[in-house]
Structure formats: C-alpha cells, structure tokens
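Observations on the model geometry
Listed here are the chains, written in short residue letters.
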Amino acid sequence: MTETVRVLTVAAEATRPWWRGAAIYQIYPRSFADSNGDGIGDLPGITAHLPYVAGLGVDAIWLSPFFPSPMHDFGYDISDYCGVDPIFGSLADFDLLIARAHGLGLRVIIDQVYAHTSDAHAWFAESRASRDNPRADWYVWADPKVDGSPPNNWQSVFGGPGWTWDARRQQYYMHNFLSSQPQLNGHLPAVQQALLAAASFWLDRGVDGFRVDAINFAMHDPLLRDNPPAPPSNLAVRTRPFDYQLHRYNQSHPDIPRFLERLRARTDSYGDRFTVAEVGGSNAEPEMHAFTAARRLDSAYSFSFLYADRLTPERVADALAGWSDDAGGWPSWAFENHDAPRALSRWVAPEQHGAFGRLKMLLLVCLRGNIFLYYGEELGLTQVEMPFEALRDPEAIANWPHTLSRDGARAPMPWRHAAPAFGFSSNVPWLPQGADYGSHAVDVQETAADSALHLTRALLALRRAHPALQTGTLTLVAVTAAVLAFERAEAGERLLCVFNLSDAAVPWQPPEPQRWRVIYEVNGGGECLLNPYAARLLRWIA
C-alpha cells in the first residue's frame, strides 16, 4: 500500500498545477525576523529563516506588503508599487530572497493592492494638484452637495465618512479605508494599465503569483448612489458607521471581473503563476465565485473562519458546501491571518489550547483547496493582549475597546526562548510579545517530540503524501452538534476525516467500520469513542 500511495503522489504532482492543493505560509514582514536591530522585521531576516520555512513542508510563502509606504496602515498604503521600503531592505535584498526561496523549492507570492494607494503616492500628488492634469481622474473625486457635505452617505471601513475634503481641488476624494488611502478609479483604462505594469515589474523579478488585496473594493458606482441601510444586525455591538449600511455602491461593481481577466492574461503570459483574490464582506461567496470563474483568478481566499468566534461542525460544513465539486471554483482556506485574532484565543479556553490546536491543524490539512498557515500558527501562538498605549493598528485605536485586535495577531515571532525579544531582534520589538512566547519559541519546540511544531511538519507531510487530501473530492458524511466527518477521494484512494469539535467524549464509528483503518489521529479515544477534540484520518481498505 505504501508503494501505491507513493506512485499516485508522483503522478498527481506531475500533472497538477503547483498551486492546486498547495500549503502556503504567510509571513508578515514586520514581525518575522529583524536582521539589523531596529526592532522591525525585514527581508534579510526572512531570507535567513527560509530553511526553517521550507522545513515545515509548505509549498510557498506569501509576503504581506514590503513596498514603500508611510505605514499608516503598515504597508497596505503603498506610495510606490515598484520598490521596497527602506525599513525592509532593498530590491537587491528582495532578489536574494527570491533566489534563496527558489533554491529551497519554495514559491513566492506577494500582495498586490489595487483598490487604493497612499496619499503620498506620486499619482495622487499629481491628481490632487488640479482638475485638468494627466492624472486628474486616476482617483475618485466628486463635488460637494450644495450644503458642502460629502457627495453621498458612503462610510469608511475604519470609521467615519468615506470622503475627505481637499482644498486644492475644492472636491472630496473617496476612501474606503483610511483617509490617507485614496481610492483609485479602477474603471479607468490608464489606471488598469499602470497596475498591470506594476504586476509585470514583480513577475519579471521572479515572483510566482499574487494575493490580490481587497479586490471587491476596486471599483465603485460611478453614479455615486447612496448605500441603503443594513437590516438589524446580529452583531453584539456595531462599532463602525460602516456596519450600518449594505455596501451596494461603494464596492463590488460588476466590471471588476473584466479587470481580473486582464490580470489573469498578464500572469498567464509568465507561465505557471498563481493568483488568489481576497474578498471580504457579507456577500463574499458569490463574489469569490465570480472572481474565479472562467479565465479570471485561480482561487479565492475565504473569510469563513477568520472572524468566527466558534468552530462548529455546522460552520465548517456550510463553508465547504459553498465550494463543492458542483459549485465549481477552487477555494483557499485560513484559520488565522494578520487581520484576525489568533484562532486558539477565539475558539477555546487556555486549558484547551493544546488539544484543540492539534485538532485544528489536522482539520486544516484535510480541507479541499489551498491552505494558508500564518507565521507562528505552527507554534500554537495565541493572541497577545495589547494595552491601549501599545496599539499601533489604526482600526484598533479608532474602535477601542471594541477592536479586531489586529496588533495582537501581529506580535513578533519567538525564535529562541532565552534571547532578547525571543530572538526576533536585538532591540525592543515594534510590538510587545506574549508573556508565554518563551515556552512557544522555535528552539523549545524543536527539542520536544510532542510539540505543535513537530505535529505541523508531520501533518503537512501527510497531506503531501496523499493526493486525496490535496486535490481529491470532498463528500460530507456526518454533521452533528459535536462531530464533523467527510470523505476525501482521488485516484482510487478514499480517506475519511473525522473530528470531534466538542470538549466532551462522544461515541462514533464509521459506516462499515471493518473496512476503515486509522492512519493518523490526535487526542485519541477508543475504537468506538472520540475523546474531547479528537480527530482521526482513516483509509478505506478494499
């Protein structure tokens, strides 16, 4: 049986695109490794630790923004699409990173932010100078209403109106996020061409693809119609005016897919590149399917789990059903990222972190689609509680104390338990680290056979060894209050994935139990029993 699985794996890897079923490791550059002692992570720091990343068994890394920026939104406010911010290094450092990653068998994907720029970008400086310059209409400008108020009722994600007055043009400019992130006019062919030129700049330097940030915000309603009010919300607290509207007109314009077709044509011209859309919001799933249909993007990055306060069988089943074989498209899944609190802190109490963390990682590697791991997730890092005076995230500051706590998920990586800043930097880190980071440090986990780090490596190797886990079909078998079970199948291999998502033991047996053999499990239990947070992977014996 072992030889059969090996042959199937080799054949599958020879025929599928590299990204289909890939495991991708997200690196937040400010927080991964600081090489020059300024307390901020950088590209040389990443390059030095790429052997560690490759050793996890992932296929690629995703680098969050490292471009020139005033850092009001920590790199998602770009002032130059074709450069490296000096705090992260230089273009030469980036080239070395690409070469080292490729030498280790790692692909590299980077963020592209096409909805907005920084107000420090040269394009915006020219656009705001007058109403008749060559880039006057590269951003979304509008006259005030007769009473001087903004052109419509659109609100910013980060709080307050989605419009800011500019005295030079005697007009308002639009921004879906910070006022220092003016909205590009994505409808304009010249803007699209400039963005595609920026994509080519990085493709020419060897990147293997893009995560396209907030792409459903890339185009607005040119008629500037008011958004309708949202119905009563089930949110405990609406912290932002943005939450009071249905976002029908400030985003999600039906012309966005046409631009994505142009982007796909550009990336296809470079060969086996990968594109994944970030699409958030209450209507995300239809947009994700639209953005990945036909010759558009390869995949869409799901938010199904990122803001969930609990992980239940029903939630997982609902998310998977939206990307069934019949529904089409190819999903990308993540439990954590730079915009959401760490999953363990959201989903279970501290005393359950170890057991639940093991189940969580086995569930992730069993999902149909691409999987993303966020730096430190392989260590079982938890959310760092940040005092108000330590906050750097503009959204967290604006919505204090009701906050997404993005800072708490961006705390710097712990490498060595006894080193200053746990080996992240020789200086004070840009954000505080957790009090428990010493016990979670890489060097500690390397010496513990039962650590989260060793488990992650073993589970990624398991996924790589079984084509059914990477690209096979997925069929739901059981969805109860406690138990989730689904089957993965491909090329004659059938695997049953079973998870007890509750903190109590439950009885469970597969259909035809004599035909299934356990090949991996976490948290144990008897033959007919699943312990709390137990999970099993079983193979069908013909």
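These figures come from a predicted structure and were not determined experimentally.

Some words on the overall build of the protein
Looking only at helices and strands, the protein features 16 helices and 18 strands. Its C-alpha atoms give the protein principal-axis dimensions of about 75 × 50 × 50 Å. In the protein, which comprises 542 residues, the share counted as buried stands at 60%. In the protein, 67% of the contacts between residues at least 6 apart in sequence involve partners at least 24 apart. When the accessible surface of the protein is split by element, carbon and sulfur atoms take 55% of a total near 20,100 Å².

What to know about the sheet that holds strand β5 (residues 163–166)
Read across the open sheet, the three strands follow the order β4-β6-β5; overall the sheet is antiparallel. In this open sheet, the two edge strands, each paired with only one partner strand, are β4 (141–142) and β5. Judged from the two bridges that link them, β4 and strand β6 (residues 171–174) form a sheet pairing that is antiparallel. Across the sheet, residue W141 finds its bridge partner in β6, namely Y173.

Considering a nonpolar patch on the surface
Taken together, the side chains of F388, I397 and W400 make up a nonpolar region of the molecular surface, amounting to roughly 290 Å² of accessible area. As for its position among the elements, I397 is in helix α12 (residues 394–398). Here I397 falls in the partly exposed class, since its relative accessible area comes to 38%.

Remarks on the pattern of salt bridges
Applying the stated criterion to the full structure yields 32 salt bridges. The salt bridge involving D268 is made with R295; its shortest N-O contact spans 2.3 Å. In this pair, D268 sits in helix α7 (residues 256–268) while R295 sits in the loop between α8 (284–291) and β9 (299–301), placing the two residues 27 residues apart along the sequence. A single salt-bridge network, built from bridges that share partners, covers D73, R240, D243, D339, D393, E395, R406 and R410.

Comments concerning the side chain of S79
Position of S79 among the secondary structure elements: in the loop between β2 (60–63) and α4 (91–103). Polar side-chain contacts of S79 include one of 3.4 Å to the backbone nitrogen of S69. Those residues in contact with S79 that lie beyond four places of it in its chain are P68, S69, P70, S118, A120, H121 and A122.

Here we look at unusual backbone geometry
The omega angle of the peptide bond from W400 to P401 is 0 degrees, so this bond is cis rather than trans. Inspection of the secondary structure assignment puts P401 in the loop between α12 and α13 (437–440). The backbone phi angle of A491 is positive, close to 50 degrees, even though this residue is not glycine. Take A491: it is sitting in the loop between β13 (483–490) and β14 (493–500).

Considering the packing of aromatic side chains
This model, assessed by the stated rule, comprises 40 aromatic pairs. When the ring of W18 is compared with that of F274, the centres are 5.9 Å apart and the planes differ by 75 degrees; the resulting orientation is edge-to-face. Placement of the pair is W18 in the loop between α1 (2–15) and β1 (23–27) and F274 in strand β8 (residues 274–278), with a sequence separation of 256 residues. Residue W18 is classed as buried on the basis of its relative accessible area, which comes to 11%. A relative accessible area of 0% places F274 in the buried class. A ring pair is formed by F356 and Y533, whose centres lie 5.2 Å apart and whose planes are at 85 degrees; its orientation type is edge-to-face. Taken together, the residues span a long stretch of sequence, with F356 in helix α11 (residues 353–366) and Y533 in the loop between β17 (529–530) and β18 (535–540) at a distance of 177 residues. Between the NZ or CZ atom of R135 and the centre of the ring of W138, over which it lies, the distance is 4.6 Å. A cation sits over an aromatic face here: R342 above Y375, 5.1 Å from the ring centre.

Section: the sheet that holds β13
One open sheet accounts for five strands, arranged β12-β13-β14-β18-β16; its pairing is antiparallel. Looking along the sheet, the strands with just one partner apiece sit at the ends: β12 (473–479) and β16 (516–522). The average angle at which neighbouring strand axes cross in this sheet is 20 degrees, direction not considered.

Regarding the pairing of β13
Burial of β13 is extensive: six of the eight residues sit out of reach of the surface. With six bridges connecting them, β12 and β13 associate as antiparallel partners. Within the sheet, the bridge partner assigned to V479 lies in β13 and is L484. Count of turn residues in the β12/β13 antiparallel hairpin: three residues. Where β13 folds back onto β14 in an antiparallel hairpin, the turn is made up of two residues, including A491, whose phi is positive at roughly 50 degrees.

Side note on helix α9 (residues 313–321)
Buried residues of α9: P313, V316, A317, A319 and L320, and no others. For α9, the angular spread of buried residues about the axis comes to 160 degrees, placing them on one side. Against the buried residues of α9 lie β10 (331–334), α11, β12 and β13.

Some details on the environment of I110
Along the chain, I110 turns up in strand β3 (residues 107–113). Judged by relative accessible area, which is 0%, I110 ranks as buried. Considering only alpha carbons, one finds I110 and Q26, 84 residues apart in sequence, at a separation of 9.6 Å. When sequence neighbours within four positions are dropped, the list of residues in contact with I110 reads L63, F66, F67, F94, W202, V207, G209, F210 and R211.

A word on the packing of helix α6 (residues 189–204) against α7
At a closest axis distance of 10 Å, the pairing of α6 and α7 adopts a crossing angle of 30 degrees. In terms of their interaxial angle, α6 and α7 are classed as roughly parallel. Note that α6 runs across α7; the crossing there is right-handed. Listed contacts from α7 to P189, Q192, Q193, L195, L196, A197, A199, S200 and L203 of α6 are F259, R262, L263, R266 and T267. Classifying every residue of the contact of α6 with α7 by side-chain character gives eight nonpolar, four polar and two charged.

Reading the values: rules and limits
- Residues numbered from 1 in each chain as written.
- Predicted model: local features only at pLDDT ≥ 70, side-chain atom pairs only at ≥ 80, totals over all residues.
- Heavy atoms only, no water.
- Helix = DSSP H or I, 4+ residues; strand = E, 2+ residues; numbered from the N terminus.
- Buried < 20%, exposed > 50% of the residue type's maximum accessible area, 1.4 Å probe, protein only.
- Contact = heavy atoms within 4.5 Å.
- Areas by Shrake-Rupley, 256 points an atom, 1.4 Å probe, with all protein chains shown as cover.
- Pairing = 2+ DSSP bridges.
- Patch = residues over 30% accessible without salt bridge, like charges linked within 9 Å, V, L, I, M, F, W, Y side chains within 5 Å.
- Salt bridge = Lys/Arg side-chain N within 4 Å of Asp/Glu carboxyl O.
- Polar contact = N/O pair within 3.5 Å; in protein donor to acceptor, adjacent residues only side chain to side chain.
- Phe/Tyr/Trp six-rings, centres within 6.5 Å; stacked < 30°, edge-to-face > 60°.
- Lys NZ or Arg CZ within 6 Å of the ring centre and 35° of its normal.
- Axes fitted to C-alpha atoms, helices over the stretch in contact; angles between N-to-C directions.
- Arc of directions from axis to C-beta.
- Parallel < 35°, antiparallel > 145°, perpendicular 65-115°, else oblique.
- Left-handed = near helix turned anticlockwise from the far one by under 90°.
- Nonpolar A, V, L, I, M, F, W, Y, C, P; charged D, E, K, R; others polar.

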